[in-house]
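Descriptive structure summary
One letter stands for each residue in the lines below.
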Amino acid sequence: MDLQKIVREVPDFPKPGIQFKDITPLLSNPSAWAEIIDQMESLANEVRPNLIAGIEARGFLIGASLATKLGMGFIPVRKKGKLPGKTIGIDYELEYGHDRLEICSNESLNKKSKILIVDDLLATGGTALATQRLIEKSTATVVGFQFIIELCSLKGRIKLPQSVPIHSLIKYN
Ligand code: AMP
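As the structure is a prediction and not an experimental result, all values here were calculated from the model.

Attention shifts here to the site of the ligand. Close to the ligand lie 13 residues, the nearest being Asp119, Asp120, Thr124, Gly125 and Thr127. Between the ligand and Asp119 there is a distance of 2.7 Å, counted from an oxygen atom to a side-chain nitrogen or oxygen. At 2.9 Å, a backbone N or O of Ala123 approaches an oxygen atom of the ligand. For the ligand, whose accessible area on its own is 490 Å², the fraction buried by protein is 80%. Judged by its atoms lying within 2 Å of the grid points, the ligand is housed in the largest pocket. For the shell around the ligand, the elements supplying multiple residues, two or more each, are β2 (19-22), β7 (114-122) and α5 (126-137). Considered class by class, the residues forming the shell around the ligand number four nonpolar, five polar and four charged.

Attention now moves to the pairing of strand β6 (residues 98-104). Relative to β6, strand β4 (residues 73-79) runs antiparallel, the two being bridged by two bridges. The residue of β6 that forms the bridge with Arg78 is Glu102. Note: strand β5 (residues 87-93) against β6, seven bridges, orientation antiparallel. Its bridge partner lying in β6, Gly89 is registered against Glu102.

For any two aromatic rings, the description comes down to two numbers: the centre-to-centre distance and the angle of the planes. Evaluation of the coordinates by the stated rule reveals three aromatic pairs. An angle of 80° between the planes, with centres 6.1 Å apart, marks the rings of Phe60 and Phe74 as edge-to-face. Remark: Phe74 occurs in strand β4 and Phe60 occurs in helix α4 (residues 58-70); sequence separation between them is 14 residues. Arranged with centres 6.4 Å apart and planes meeting at 5°, the rings of Phe145 and Phe147 form a pair that is stacked. You'll find Phe145 and Phe147 in the same group, each marked buried. Sitting over the face of the ring of Tyr172, Lys21 holds its NZ or CZ atom 4.3 Å from the ring centroid.

Now for the layout of surface pockets. Of the pockets and cavities examined, the largest pocket occupies roughly 1,300 Å³. Every residue lining the largest pocket is counted, 36 residues in all, and those nearest its centre are Ile18, Leu121, Ala123, Thr124 and Thr127. Those elements giving two or more residues to the lining of the largest pocket turn out to be β2, α4, β5, β7, α5 and β8 (141-151). Broken down by element, the lining of the largest pocket gets its largest block of residues, four residues, from β7. Within the lining of the largest pocket, the residues separate by chemical class into 16 nonpolar, nine polar and 11 charged.

Procedures and definitions
- Residues numbered from 1 in each chain as written.
- Predicted model: local features only at pLDDT ≥ 70, side-chain atom pairs only at ≥ 80, totals over all residues.
- Heavy atoms only, no water.
- Near = heavy atom within 4 Å.
- Polar contact = N/O pair within 3.5 Å; in protein donor to acceptor, adjacent residues only side chain to side chain.
- Areas by Shrake-Rupley, 256 points an atom, 1.4 Å probe, with all protein chains shown as cover.
- 1 Å grid on protein atoms, 1.4 Å probe; cavity = no way out; pocket = protein on both sides within 12 Å on 5 of 7 lines; lining within 4 Å.
- Sits in = over half its atoms within 2 Å of the grid points.
- Helix = DSSP H or I, 4+ residues; strand = E, 2+ residues; numbered from the N terminus.
- Nonpolar A, V, L, I, M, F, W, Y, C, P; charged D, E, K, R; others polar.
- Pairing = 2+ DSSP bridges.
- Phe/Tyr/Trp six-rings, centres within 6.5 Å; stacked < 30°, edge-to-face > 60°.
- Buried < 20%, exposed > 50% of the residue type's maximum accessible area, 1.4 Å probe, protein only.
- Lys NZ or Arg CZ within 6 Å of the ring centre and 35° of its normal.
- Points joined across faces, edges and corners; volume = space filled by probe spheres on them.

Rendered as structure tokens:
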């Protein structure tokens, strides 16, 4: 199945100059979504995580589907102030300004945890790198990164640690 043909490209969203890659047609197509999760399962079997972490918000859809398929737990990585109770957070730079990501501080993340980080899209790599640093702050280990889409021209991949696999299913040049 040609997954790339199913992605909807929306020019100038959410602001002028951005070519937004909309994954909602993949989500509403059960065969396409099943294929995405099957392909991600193959990588997961290679790197053997014991937890999946998904980045707000589209990473939740992928991460929860994959974690359910693998029979593993899921860790939501959220934007600032959304999680209750004690959290671990990290500030990171955006093109303009900065942002903060947080995870719940609980016993499911410890030195024995091996985490596969998932998101819909790798662009400049800033969000995925911040997520890796955040997960490692919790003492867990990141064993790989998995994205549906990679915007190769933005070279996000070289920002990420080269010691673990970084997989994407659909590449745009
Ligand atoms: P970055 O930190 O630059 O790698 O950006 C990755 C995050 O921004 C992901 O969570 C994506 O959902 C979102 N994102 C960045 N660029 C796009 C795009 N062109 N289309 C859809 N989502 C994007």
